[in-house]
Amino acid sequence: MLAGQPLPHRRLGGTVAVERTNRDVRTLITQIAAGEIMLPEIQRGYVWKASQVARLIESLYRGYPAGSLLFWKTGQLAETRQAAIGTAQALPRVMPLYLLDGQQRLTSLFRVLSDHPDAQVVFNIETEAFQNQSAATRRNRKWLKVYDVVGPDADMFAIHGELKGAGLAIPEPEIGRRLSALQKITQRDFHMEVLHEFGYEEVADIFVRVNSGGRALKTTDLALATLSARIPGFLGQLEAESAHWAERGYGALDVNFLIKALTLSLSTTGTRLASVAKLTAASRESVEGGWEKVQRGLAHVVPLLAEKLLIPTTALVPSLAALHPLILYYGRQHQEAKVAKEVEEGLLYWFLAATARNRYGGSTDTTLTQDIRMLDAEDPVAALLANLGIRDRGLSVTASDLAGRNHQSPYLMFCYLAAAHAGATDWWDGGPISEGVEKSGKPQYSLVHPAAKLRTHGSKYSSAEINELANIVFVSEQTAKNIIGSRSPAAYMQSVNASDRAAHAIPNDPAILEPEGYRDFLAARRFLLAERITALLDQFRPSFLVEDDTPTETAASRSLMFTGYTGAGRSVLTAEAKVDSQIWVGWIDPADFEAALDAAATGLASDVPLGDETAPLRIDDEGGMTFGLGPFVIRGSLDQWRTAVKDAFEDAQPLADCPEPNDGPWPAEPDEFLLSEAGVQPA
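If you tally the helices and strands in the protein, you get 28 helices and 22 strands. Relative to its length of 683 residues, the protein is compact, with a C-alpha radius of gyration of 28 Å against a globular reference of 26 Å. In terms of overall dimensions, the protein has a C-alpha envelope of 85 × 70 × 55 Å along the principal axes. In the protein, buried positions account for 49% of the 683 residues. For the protein, the share of sequence-separated contacts (at least 6 apart) that also reach a separation of at least 24 residues comes to 73%. Of the accessible surface of the protein, which amounts to about 30800 Å², a share of 49% is contributed by carbon and sulfur atoms. Distance between charge centroids for the protein: 4 Å, based on 65 positive and 84 negative side chains.

Once that is clear, we can look at the packing of helix H27 (residues 590-601) against helix H28 (residues 638-648). Running from N to C, H27 and H28 point in directions that differ by 165 degrees, and their axes come no closer than 11 Å. Accordingly, the angle class assigned to the pair H27 and H28 is roughly antiparallel. Both H27 and H28 take part in a crossing whose hand is left-handed. When H27 is examined against H28, the residues Phe593, Glu594, Leu597, Asp598 and Ala601 are found in contact with a partner set consisting of Leu638, Trp641, Arg642 and Val645. For the contact of H27 with H28, a count of residues per class yields six nonpolar, no polar and three charged.

Here we come to the environment of histidine 244. Along the chain, histidine 244 turns up in helix H10 (residues 234-246). It is 17 Å that separates the C-alpha atoms of histidine 244 and leucine 320, two residues lying 76 residues apart in sequence.

This next bit is on H10. Helix length check: H10, at 13 residues, gives a terminal C-alpha distance of 18 Å against a target of 18 Å (1.5 Å per residue), a fit within 8%. Listed in full, the buried residues belonging to H10 are Phe234, Leu235, Leu238, Glu241, Ser242 and Trp245. Buried residues of H10, seen end-on, are gathered within an arc of 125 degrees and therefore sit on one face of the element.

With that settled, the discussion passes to the sheet that holds strand S21 (residues 671-674). Spatially, five strands are ordered S16-S17-S18-S19-S21 in an open sheet, and the strand pairing comes out mixed. With partners counted over all chains shown, the strands left at the sheet margins are strand S16 (606-610) and S21, one partner each. Shown here is a sheet whose adjacent strand axes are inclined to one another by a mean of 25 degrees, direction ignored. In this structure, S16 lies alongside strand S17 (residues 613-619), joined through five bridges in antiparallel fashion. Paired with aspartate 607 across the bridge in S17 is proline 616. Contacting S16, S17 and strand S18 (624-629), H27 crosses the sheet at an angle of about 170 degrees to S16. In the packing of H28 onto the sheet, contacts are made with S18 and strand S19 (632-637), and the angle to S19 comes to roughly 105 degrees.

Here we come to the sheet that holds strand S8 (residues 130-132). Ordered by their spatial adjacency, three strands build an open sheet running S8-S7-S9, and the pairing between neighbours is antiparallel. Looking at the sheet topology across the chains shown, the edges are occupied by S8 and strand S9 (143-145). In this sheet, neighbouring strand axes are inclined to one another by 35 degrees on average, regardless of whether the strands run parallel or antiparallel. Contacting strand S7 (121-124) and S8, helix H2 (residues 50-62) runs over the sheet at an angle of about 155 degrees to S8.

Looking now at the pairing of strand S6 (residues 97-101). Extensive coverage of S6 is indicated by the burial of four of its five residues. By the bridge criterion, two bridges tie strand S3 (residues 37-40) to S6 in an arrangement that is parallel. Looking across to S6, one finds that methionine 38 is bridged to tyrosine 98. Inspection of the sheet shows strand S4 (residues 69-73) paired to S6 by three bridges, in the antiparallel sense. When the bridges of S6 are listed, phenylalanine 71 appears paired with leucine 99.

A few words on helix H16 (residues 365-373). Buried within H16 are the following residues: Thr367, Leu368, Thr369, Asp371 and Ile372. Tucked inside the fold, the buried residues of H16 contact helix H11 (255-265), helix H14 (324-331), helix H15 (341-356) and helix H17 (380-387).

Within the element layout of this structure, glutamine 539 appears in helix H26 (residues 518-540). On the accessibility criterion, glutamine 539 (47% relative accessible area) is partly exposed. Remark: the alpha-carbon pair of glutamine 539 and alanine 452, spanning 87 residues in sequence, is separated by 38 Å. Residues within four places of glutamine 539 in sequence aside, it is in contact with Glu345 and His421.

Grouped together as the largest cluster of nonpolar side chains are 109 residues, with contacts concentrated most on Phe351 and Trp427. In terms of residue count, the dominant contributor to this core is helix H19 (residues 411-421) (ten residues). Ignoring sequence-local partners within four residues, the contact set of tryptophan 427 consists of Val473, Val475, Thr479, Ile483, Ile484, Tyr492, Met493, Val496, Asp500, His504 and Ile506. Among the nonpolar cores identified, the runner-up in size contains 47 residues, and Leu56, Ala66, Leu144 and Leu179 belong to it.

Inspection of the entire model under this criterion finds 18 aromatic pairs. For the pair tyrosine 411 and phenylalanine 414, a centre-to-centre distance of 5.8 Å together with 50 degrees between the ring planes defines the contact as tilted. Placement of both tyrosine 411 and phenylalanine 414 in helix H19 is noted, with a separation of three residues, approximately one turn of the helix. An identical accessibility class is assigned to tyrosine 411 and phenylalanine 414; each is buried. With centroids separated by 6.4 Å and ring planes inclined at 45 degrees, the aromatic side chains of tryptophan 427 and tyrosine 492 adopt a geometry described as tilted. In this pair, tryptophan 427 is assigned in the loop between H19 and helix H20 (434-440) and tyrosine 492 in helix H24 (residues 489-492), connecting sequence segments 65 residues apart. Accessibility classification places tryptophan 427 together with tyrosine 492 in one group, the buried group.

Relative to each other, H15 and H19 sit at 130 degrees, their axes nearing to 9 Å. The angle between H15 and H19 places the two elements in the oblique class. Where H15 abuts H19, its residues Phe351, Leu352, Thr355 and Ala356 lie against Tyr411, Met413, Phe414 and Leu417. For the contact of H15 with H19, the residue count by class is seven nonpolar, one polar and no charged.

Each value, and the rule that gives it
- Residues numbered from 1 in each chain as written.
- Predicted model: local features only at pLDDT ≥ 70, side-chain atom pairs only at ≥ 80, totals over all residues.
- Heavy atoms only, no water.
- Helix = DSSP H or I, 4+ residues; strand = E, 2+ residues; numbered from the N terminus.
- Rg over C-alpha atoms; globule rule 2.2 N^0.38 Å.
- Buried < 20%, exposed > 50% of the residue type's maximum accessible area, 1.4 Å probe, protein only.
- Contact = heavy atoms within 4.5 Å.
- Areas by Shrake-Rupley, 256 points an atom, 1.4 Å probe, with all protein chains shown as cover.
- Lys, Arg positive; Asp, Glu negative; His and termini not counted.
- Charge placed at Lys NZ, Arg CZ, Asp CG, Glu CD.
- Axes fitted to C-alpha atoms, helices over the stretch in contact; angles between N-to-C directions.
- Parallel < 35°, antiparallel > 145°, perpendicular 65-115°, else oblique.
- Left-handed = near helix turned anticlockwise from the far one by under 90°.
- Nonpolar A, V, L, I, M, F, W, Y, C, P; charged D, E, K, R; others polar.
- Expected span 1.5 Å × (residues − 1).
- Arc of directions from axis to C-beta.
- Pairing = 2+ DSSP bridges.
- Core = buried A, V, L, I, M, F, W, Y, C linked by side-chain atoms within 4.5 Å.
- Phe/Tyr/Trp six-rings, centres within 6.5 Å; stacked < 30°, edge-to-face > 60°.

This is the structure in structure tokens:
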């Protein structure tokens, strides 16, 4: 049988079911452009990273297996979604094939072969390595952009001629062989299976089964597939709702968040939370009723957060899970119901207190179960606060609560809110600090004492000290560039008026605005910030709570620090964990850890080498990641982990100063440690 010729249909129970065939990459790409291959609504979005795209191209170049493709062919109209190919697909002249498995691969190939700006894969003719384009590869003639070799206007004679003068350490015939092998990636065949005579719900079930292996789908993905089949167009409603809030700065209220909220809306009084399985089995009427509750809840909660608390973006909210009890409470109210002011402010107080105590920093399902049950209590505010251990006295924040914190801490949100409620403005343009958030989608901030000034000072301030939360001020990039620069605050604060300094809680003592007074500056500003944050909490404190004036108990001594070291062509990320007087130090290869994070982004767990052993990095269904290191199981989001690694290597400390590992098994059961509580020391 000729290559590419369809194999006979396989018959199941006497019914034509599966057609098997092969098509090369170029043909598949042409069909996508022509609209002859479409994405059904049940498909999730495009999620591959640039490194994964480069690995796919390398696999095709080396002749490695690249997997099969699964399609659905039907005579009925199906809801579709736009492919992330950077251009509109043509209207098909024939009934299209709907792609069920292989979206990430085909989308990536289309992007590379159409010169998409986010798929600039390059090839080193000498080492046969593939990676994404960078400034360094642009300057090096040994790196060729794959599109320039395989694109329709490729001039192989000119490319070969340029390479002759690139000083390559390979013979000329080998250059030609490698270029030819790269060109042939468009001729590589993919095995295809095409499903015939299947209904939409049956196809959705197949989609779920197929995509539950390899890159594991989240349960929200599976729910979306099932709901899209049973309620065509429902995914479009979710995406429209998400886009509505994204335009208002609340972009993290994405489809996955909405599915979680919808699932919770099906929970009934006195029972445990509804599961995704219950959502997918619920009647259309139940789903639509739950969706109305979610929309009603969001329509109340987001304005409260934005207008009462002055939170302009979800980028400031450490854990979105803390919003679910609020959304569910308001969603359960009738459309015209009026919530009493004391209840409304009490719910906001609970949200602030839950955030300050990092209630949703760990695994959230158990916590949500506890809190959502309290919504049915006679006094839901008191019941929710009781879950936090707050019964008689309100919550207060002390200077010691802020010591050692950095921008990963939940207190970053509180420092922003303290400034916003004080009417803080930008020192460059005089606009409210929220304007910087609106432009970038996340809060803009700088360091009061610039890092460059502190690092060169004789007091030898550690990077952890330099990047402490008390040194952060919420001002624009223009302020950071034109006013702060690399000058000490003693030099530039004279250009900032007194009211602006006060709104940002900047101490007045001139001595601590000099580099030698930096540690005293931190102490003074922690005190001012703690006062402001406590005052903010007190604005919403329920009347049954009295002001807290009791000293806080000292918790058991636990700490975690990440530090980066480089030297002699090698990089090491160290994790130093302390529990009372015991210290555990582990060495991690940052390349191994970055690869594990890339895998986690696609839903795959990893075991990261750690000395002679490995440390498990696992992913939960809510997008959280846990990493077992010595005495701790450290929990954080993918973004938090990436930021922690980036911060650790912001400045390189000499490898010669790296402490020796002490990474043997910890003698006790490891405790959960939130990454947001770690002191991350850039190196």
